[in-house]
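Given next are the chains, with one letter for each unit.
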Amino acid sequence: MPWSRIVSGAIAIAIALGMILLGGWYFTLGFGIIIYLGQLEYFQLTRAKGIIPAAKTTLVVSQALLVISNLSPTVADAVFPVAGTFICFYLLFQPKFATIADISASIMGLFYGGYLPSYWVRLRSLGQVQASNLPLDGFWTNDWTNLHALPQGLTCTLLAFICIWAADIGAYIFGKAFGRTRLSDISPKKTVEGAVFGVAGSVAVAIAGSWYLGWSGWPITGAALGLLIGIASLLGDLTESMMKRDAGVKDSGQLIPGHGGILDRADSYVFTAPLVYYFVTLLLPLLPT
């Protein structure tokens, strides 16, 4: 593995950990920057296909969606269709007639680049206001060993991120070492062996996390969450690879040395966010203690 990839990956993990631990508006602001940069790369891919999306409008409403997700998660679901309608109105009154592709790419940018990632903000905000002890609803403690005393959003977000890291690292390392069978023509470097090891890594981490957190139904709940995250992160990676292949580019950008662009690193987090959020908020409460 190139040193540039290792160093930039370590820096990215450190920044992500800082955002997750602090939570509140610190997490929302950091995630807002990531989403803004990721959407810029997404719209570059669409323009490579001759599509003219409502980029600026989508960027603005996506940031508003993040803010509202932190203030009131339930209201965010109502904001999404309103934001989509506003984007269509914007395209309707442009001097040049918008095409179906222009409208579709804009709504996809809102859904893929704004709405789905907003679930990370919702997840991290669980129990944050009650536990916050820093300005801007931030949280900090000198005792990180007692996970049961931490906000639920912190422990669940941290567990989900570690599962994704385990899936990505496991797939990369074991795929390089033992990969023989191509997984998909969309991404020729990915192998079945790497994908299996990646999902297995996510499952192992989730099982350990569910035991430590004392979840009901352990270890089945941990295995289920790990399987969901492992598969969803892989599908997110393949989806972004499909968009790059269609646009005729190798990487979505060059912002991160050794990794490419923001989308090249954040693709695994897009589809996992709502799955983890609803797993924690809808499924876990139904299980007997």
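Higher on the page you've got the structure.
Just so it is clear, the model here is predicted, and its values are computed rather than measured. (Residues numbered from 1 in each chain as written. Predicted model: local features only at pLDDT ≥ 70, side-chain atom pairs only at ≥ 80, totals over all residues. Heavy atoms only, no water.)

Engineer: An account of the overall build of the protein is requested, with residue identities and associated values reported.
Structural biologist: Helix and strand content of the protein: 12 helices and 2 strands. The C-alpha extent of the protein, read off along each of the three principal axes, is 60 × 50 × 35 Å. When the 289 residues of the protein are sorted by exposure, 48% land in the buried category. If you take every contact in the protein between residues at least 6 apart in sequence, the share linking residues at least 24 apart comes to 71%. Of the side chains in the protein, 16 bear a positive and 14 a negative charge, and the two mean positions are spaced by 6 Å. (Helix = DSSP H or I, 4+ residues; strand = E, 2+ residues; numbered from the N terminus. Buried < 20%, exposed > 50% of the residue type's maximum accessible area, 1.4 Å probe, protein only. Contact = heavy atoms within 4.5 Å. Lys, Arg positive; Asp, Glu negative; His and termini not counted. Charge placed at Lys NZ, Arg CZ, Asp CG, Glu CD.)

Engineer: Could you give an account of a nonpolar patch on the surface, with specific residues and numbers?
Structural biologist: Taken together, the side chains of Ile169, Ile173, Phe174, Phe178 and Phe197 define a hydrophobic patch exposed on the protein surface, amounting to about 450 Å² of accessible area. It is helix H8 (residues 152–178) that provides the largest number of residues to the nonpolar patch, a total of 4 residues. As for its placement among the helices and strands, isoleucine 173 is situated in helix H8. Under the relative-accessibility criterion, isoleucine 173 is labelled partly exposed at 44%. (Patch = residues over 30% accessible without salt bridge, like charges linked within 9 Å, V, L, I, M, F, W, Y side chains within 5 Å. Areas by Shrake-Rupley, 256 points an atom, 1.4 Å probe, with all protein chains shown as cover. Salt bridge = Lys/Arg side-chain N within 4 Å of Asp/Glu carboxyl O.)

Engineer: Lay out unusual backbone geometry in plain terms, naming residues and giving numbers.
Structural biologist: Most peptide bonds are trans, and most residues other than glycine sit at a negative phi. For the bond from tryptophan 218 to proline 219, the omega torsion is 5°, close enough to zero to count as cis. Its location among the elements puts proline 219 in the loop between helix H9 (192–213) and helix H10 (220–247). Positive phi values are uncommon outside glycine, yet leucine 136 reaches one of about 60°. Within the secondary structure, leucine 136 is located in the loop between helix H7 (128–131) and H8. A relative accessible area of 52% means that leucine 136 is categorised as exposed. Even without a glycine there, the phi angle at aspartate 137 is positive, about 60°. Here aspartate 137 is to be found in the loop between H7 and H8. By relative accessible area, aspartate 137 is classed as partly exposed at 30%.

Engineer: Please provide a residue-by-residue account of the packing of aromatic side chains, values included.
Structural biologist: Any two aromatic rings considered together are summarised by their centre-to-centre distance and by the angle between their planes. Taken as a whole and judged by the stated rule, the model has 22 aromatic pairs. Over the ring of tyrosine 119 we find arginine 122, and its NZ or CZ is 4.0 Å from the ring centre. (Phe/Tyr/Trp six-rings, centres within 6.5 Å; stacked < 30°, edge-to-face > 60°. Lys NZ or Arg CZ within 6 Å of the ring centre and 35° of its normal.)

Engineer: Tell me about helix H5 (residues 100–115), residues and numbers included.
Structural biologist: Among the residues making up H5, those that are buried are Asp102, Ala105, Ser106, Gly109, Leu110, Tyr112, Gly113, Gly114 and Tyr115. Buried positions along H5 lie against helix H2 (24–47), helix H3 (55–71), helix H4 (73–92), helix H6 (118–124), H10 and helix H11 (262–270).

Engineer: I'd like a rundown of the layout of surface pockets, residues and numbers included.
Structural biologist: In this approach, a probe sized like a water molecule rolls over the atoms, and the result shows the empty space that is left. Taken as a whole, the second largest pocket encloses approximately 260 Å³ of empty space. At 3 residues, H8 tops the list of elements feeding residues into the lining of the second largest pocket. Considering only residue class, the lining of the second largest pocket consists of 9 nonpolar, 6 polar and no charged. (1 Å grid on protein atoms, 1.4 Å probe; cavity = no way out; pocket = protein on both sides within 12 Å on 5 of 7 lines; lining within 4 Å. Points joined across faces, edges and corners; volume = space filled by probe spheres on them. Nonpolar A, V, L, I, M, F, W, Y, C, P; charged D, E, K, R; others polar.)

Engineer: Give a detailed account of the pattern of salt bridges, specifying residues and quantitative values.
Structural biologist: Using the criterion set out here, one finds 6 salt bridges in the structure. Residues aspartate 246 and lysine 49 are paired through a salt bridge, measuring 3.3 Å at the closest nitrogen-oxygen approach. Of the two residues, aspartate 246 is situated in helix H10 and lysine 49 in the loop between H2 and H3; the sequence distance between them amounts to 197 residues. On the basis of relative accessibility, which here comes to 44%, the residue lysine 49 falls in the partly exposed class. A salt bridge links aspartate 185 to arginine 182, with the shortest nitrogen-to-oxygen separation between them at 3.3 Å. One continuous salt-bridge network, built from bridges that share partners, spans Glu240, Lys244 and Asp264.

Engineer: Describe in detail the pairing of strand S2 (residues 187–191), supporting the description with residues and values.
Structural biologist: Two strands pair when backbone bridges link them, and strand S1 (residues 182–184) and S2 are joined in this way by 2 bridges, in the antiparallel orientation. Bridging from a neighbouring strand, arginine 182 pairs with threonine 191 of S2. Hairpin connection of S1 to S2: 2 residues between the antiparallel strands. (Pairing = 2+ DSSP bridges.)

Engineer: Please set out the environment of alanine 232 residue by residue, giving values where relevant.
Structural biologist: Within the secondary structure, alanine 232 is located in helix H10. The sequence separation of alanine 232 and threonine 181 amounts to 51 residues, and the corresponding C-alpha distance is 20 Å.

Engineer: Explain the environment of phenylalanine 27 to me, and be specific about the residues and the numbers.
Structural biologist: Its location among the elements puts phenylalanine 27 in helix H2. With 105 residues separating them in the primary sequence, phenylalanine 27 and serine 132 have C-alpha atoms 13 Å apart. Residues contacting phenylalanine 27, with those up to four places away along its chain left out, are Met19, Ile20, Trp120, Val121, Arg124 and Thr157.

Engineer: Explain the state of the cysteines to me, using residue names and the numbers behind them.
Structural biologist: Evaluated as defined, the whole model comprises 0 disulfides. Here cysteine 156 is not disulfide-linked; the sulfur of cysteine 163 is the nearest cysteine sulfur, at 11 Å. Look at cysteine 156 and you get buried, because its relative accessible area is 4%. For cysteine 163, a relative accessible area of 0% puts it in the buried group. (Disulfide = S-S within 2.5 Å.)

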